[in-house]
Amino acid sequence: MQKKEGAPLYLQIYKELQKRIENGVYKENELLPSEASLQAEFNVSRITIRRSLQDLELAGFIKVQKGKGAMVLANRKYTDLVGVSSFSQDAMKSGERPSSIILEFEEMKASGIVCDYLQLQEGADIYRLKRLRLKNGRIIGMNEQFISRQTGFELHADVLNEKTSIYALYEEQGLHIERAVESIEAVMPSTALRKELYMNEGEPLFRRERITYDYKNRPLELSINSYKADEYKYIITLKKDEL
């Protein structure tokens with residue numbers, strides 16, 4: 001791998017390992033080379049290698065098993081996006097009117113997987129926001145955000161309404177978004193979620209989990225989005241050199 005100036009080393013290594021997995025250099029259910037081997041190959045610190053592996057795991061390409069190493073997972077059709085955009089931006093680009101219905105908003109303590117994804121200590125202060133998502137007045141999905149307060153971000157109930165964009169609030173407070181790691185899968189909804197979305201039994205959901213980072217590479221939020229499969233279309237733009 002030829003190192004590029006400007007791009008973080010862990011991100012360059014992430015992309016190189018991702019390419020090897022997608023091209024079959026590292027096959028499904030095989031272990032990646034050890035951390036020590038990758039450290040020697042790329043001539044970087046162990047911390048840099050671990051950060052690259054952590055992001056590969058968050059993106060669903062590998063599973064790190066303590067004492068065994070990093071195993072390549074089955075292809076779940078995770079796709080890197082060109083740019084990071086919000087629900088409102090995506091809807092408006094397609095000529096639709098986005099809106100939200102706020103169901104729950106609270107200040108709470110982080111625990112479990114939220115701590116892992118947002119790199120927080122157990123019991124750290126976070127915000128939790130749960131909203132129904134609508135396009136042209138039709139309910140199409142559910143959004144649940146777990147937002148870190150370690151960055152200094154402030155969110156209050158009086159600024160939340162049907163048009164509120166959390167991404168816009170990040171930018172207003174100087175937390176410029178740099179990148180996101182996103183996973184996508186088809187799932188069956190829980191009984192409670194099916195009722196909230198007025199879905200028929202047996203209808204699948206399109207589930208997106210996204211971890212958004214700022215320009216200092218700090219996790220801003222974990223966003224869990226569940227969309228009705230027949231109401232949502234995902235379009236991916238590829239550059240010529242990616243085809």
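Thresholds, definitions, all that
- Residues numbered from 1 in each chain as written.
- Predicted model: local features only at pLDDT ≥ 70, side-chain atom pairs only at ≥ 80, totals over all residues.
- Heavy atoms only, no water.
- Phe/Tyr/Trp six-rings, centres within 6.5 Å; stacked < 30°, edge-to-face > 60°.
- Lys NZ or Arg CZ within 6 Å of the ring centre and 35° of its normal.
- Helix = DSSP H or I, 4+ residues; strand = E, 2+ residues; numbered from the N terminus.
- Contact = heavy atoms within 4.5 Å.
- Polar contact = N/O pair within 3.5 Å; in protein donor to acceptor, adjacent residues only side chain to side chain.
- Buried < 20%, exposed > 50% of the residue type's maximum accessible area, 1.4 Å probe, protein only.
- Expected span 1.5 Å × (residues − 1).
- Axes fitted to C-alpha atoms, helices over the stretch in contact; angles between N-to-C directions.
- Parallel < 35°, antiparallel > 145°, perpendicular 65-115°, else oblique.
- Left-handed = near helix turned anticlockwise from the far one by under 90°.
- Nonpolar A, V, L, I, M, F, W, Y, C, P; charged D, E, K, R; others polar.

## Topic: the packing of aromatic side chains
- Enumeration over the complete set of coordinates arrives at four aromatic pairs.
- Linked through ring pairs, Phe 105, Tyr 127, Phe 153, Tyr 167 and Tyr 170 together constitute an aromatic cluster.
- Directly above the aromatic system of Tyr 10 lies the positively charged group of Arg 51, at a separation of 4.4 Å from the ring centroid.
- Against the face of Tyr 213 rests Arg 179, its NZ or CZ located 4.0 Å from the ring centre.

## Quick notes on the environment of Thr 151
- If you trace the backbone, Thr 151 turns up in the loop between β5 (138-148) and α6 (166-172).
- Separated by 68 residues in sequence, Thr 151 and Pro 219 place their C-alpha atoms 8.5 Å apart.
- Among residues more than four places away in sequence, those in contact with Thr 151 are Leu 175, Arg 218, Pro 219 and Leu 220.
- From its side chain, Thr 151 meets the backbone nitrogen of Phe 153 in a polar contact 3.4 Å long.

## Describing the side chain of Asn 143
- Considering the arrangement of structural elements, one finds Asn 143 in strand β5.
- Overall, Asn 143 belongs to the buried group, its relative accessible area being 0%.
- In this structure the side chain of Asn 143 is engaged in a polar contact, spanning 3.0 Å, whose partner is the side chain of Ser 223.
- Ignoring sequence-local partners within four residues, the contact set of Asn 143 consists of Leu 129, Lys 130, Arg 131, Arg 133, Ser 223, Ile 224 and Asn 225.

## Some thoughts on helix α1 (residues 9-22)
- Its 14 residues place the ends of α1 20 Å apart at the C-alpha level, agreeing with the 20 Å of an ideal helix rising 1.5 Å per residue.
- Along α1, 10 of the 14 residues are buried, which leaves the element largely enclosed by surrounding structure.
- Listed as buried for α1 are Tyr 10, Leu 11, Gln 12, Ile 13, Tyr 14, Glu 16, Leu 17, Gln 18, Arg 20 and Ile 21.
- Buried residues along α1 sit in contact with α2 (35-42), α3 (46-58), β1 (62-65), β2 (69-72) and β6 (177-187).

## So, the packing of α1 against α2
- Running from amino to carboxyl end, α1 crosses α2 at an angle of 115°, the nearest separation of the two axes being 12 Å. Viewed along their axes, α1 and α2 adopt a mutual orientation that is roughly perpendicular. As α1 runs across α2, the sense of the crossing is right-handed. For the pair formed by α1 and α2, the contact residues are Ile 13, Glu 16, Leu 17 and Arg 20 on the first element and Leu 38, Glu 41 and Phe 42 on the second.
- Class assignment for the residues of the contact of α1 with α2 results in four nonpolar, no polar and three charged.

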